[in-house]
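Here's the letter readout for the chains.
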Amino acid sequence: SGHTGMVVVSVFACMVPVAFIALACAVVWRLPQEMRNGNAEFLRSFAFLLFRFRLGCEGYVIVFIVRNLLVSLVPVVPDAAAQVVLMVVVQLASVISAMRLLPWRVQQANVLDVFTVTCTVLLLLFGALLMEDVDGSALSVVTCVIIALALLA
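Below is a summary of the structure that appears in this document. (Residues numbered from 1 in each chain as written. Predicted model: local features only at pLDDT ≥ 70, side-chain atom pairs only at ≥ 80, totals over all residues. Heavy atoms only, no water.)

### Observations concerning a nonpolar patch on the surface
- Residues V7, V8, V11, F12, M15 and V18 make up a contiguous nonpolar surface patch of roughly 540 Å² in combined accessible area.
- Tracing the backbone through its elements, the reader meets F12 in helix α1 (residues 2–36). (Patch = residues over 30% accessible without salt bridge, like charges linked within 9 Å, V, L, I, M, F, W, Y side chains within 5 Å. Areas by Shrake-Rupley, 256 points an atom, 1.4 Å probe, with all protein chains shown as cover. Salt bridge = Lys/Arg side-chain N within 4 Å of Asp/Glu carboxyl O. Helix = DSSP H or I, 4+ residues; strand = E, 2+ residues; numbered from the N terminus.)

If you want it as structure tokens, here you go:
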């Protein structure tokens, strides 16, 4: 009975980030129309989502939120090697999109974002080489493939 209550609470708790992402998607979808209508109240209400990004890249807020959600979900995966691979894939997708779009309003923020995520990926890859109870040859192949993909992007 106690377990059922915890499951119900956790289901509702999981709906909070999903609802926030849905709200962010709706805001980005409505933004062009609201700007054409001159709705300053809409812009003021959702400035916390939009003010960081340059004009034309407001949709990057969804990439940013989804990246953070995926990073928080990686520890749920039971295998440590899979966690590293998933984290690297999420971070590489983020850094590639940041390099292509340069979404941040301030140029130094773009440089800092790419630098910090790249350092995180390198730290993950080097740390993965020190993991125990993992097939080292398979992990090194995956690591090399990921690095090659990053260099090609």
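### Here's the deal with the packing of aromatic side chains
- For the coordinates displayed, the defined rule picks out 7 aromatic pairs.
- Relative to F46, the ring of F42 has its centre 5.1 Å away and its plane inclined at 55°; by these criteria the two rings are tilted. In terms of burial, F42 and F46 fall into one category: buried.
- Here the aromatic rings of F64 and W104 are separated by 5.4 Å at their centres, their planes lie at 90°, and the arrangement is edge-to-face. One end of the pair, F64, is in helix α4 (residues 60–73); the other, W104, is in the loop between α5 (80–101) and α6 (107–128), with 40 residues separating them in the sequence.
- By relative accessible area, which is 10% here, W104 ends up buried. (Phe/Tyr/Trp six-rings, centres within 6.5 Å; stacked < 30°, edge-to-face > 60°. Buried < 20%, exposed > 50% of the residue type's maximum accessible area, 1.4 Å probe, protein only.)

### Observations concerning the side chain of S97
- Of note, S97 is situated in helix α5.
- Setting aside anything within four residues of it in sequence, one finds S97 in contact with Y60, V63 and L102. (Contact = heavy atoms within 4.5 Å.)

### Side note on the packing of α1 against α4
- Contact geometry for α1 and α4: axes closest at 10 Å, N-to-C directions at 165°. When the axes of α1 and α4 are compared, the pair comes out roughly antiparallel. As for the relative orientation of α1 and α4, their crossing is left-handed in sense. Along its contact with α1, which presents P17, F20, I21, A24, C25 and V28, the element α4 presents V61, I62, I65, V66 and L69.
- Class assignment of the residues belonging to the contact of α1 with α4 gives a composition of 11 nonpolar, no polar and no charged. (Axes fitted to C-alpha atoms, helices over the stretch in contact; angles between N-to-C directions. Parallel < 35°, antiparallel > 145°, perpendicular 65-115°, else oblique. Left-handed = near helix turned anticlockwise from the far one by under 90°. Nonpolar A, V, L, I, M, F, W, Y, C, P; charged D, E, K, R; others polar.)

### Let's talk about unusual backbone geometry
- Residues other than glycine seldom take positive phi values, yet L102 does so here, at roughly 45°.
- Position of L102 among the secondary structure elements: in the loop between α5 and α6.
- Judged by relative accessible area, which is 34%, L102 ranks as partly exposed.

From the geometry alone we can't say anything about function, so treat these as descriptive.
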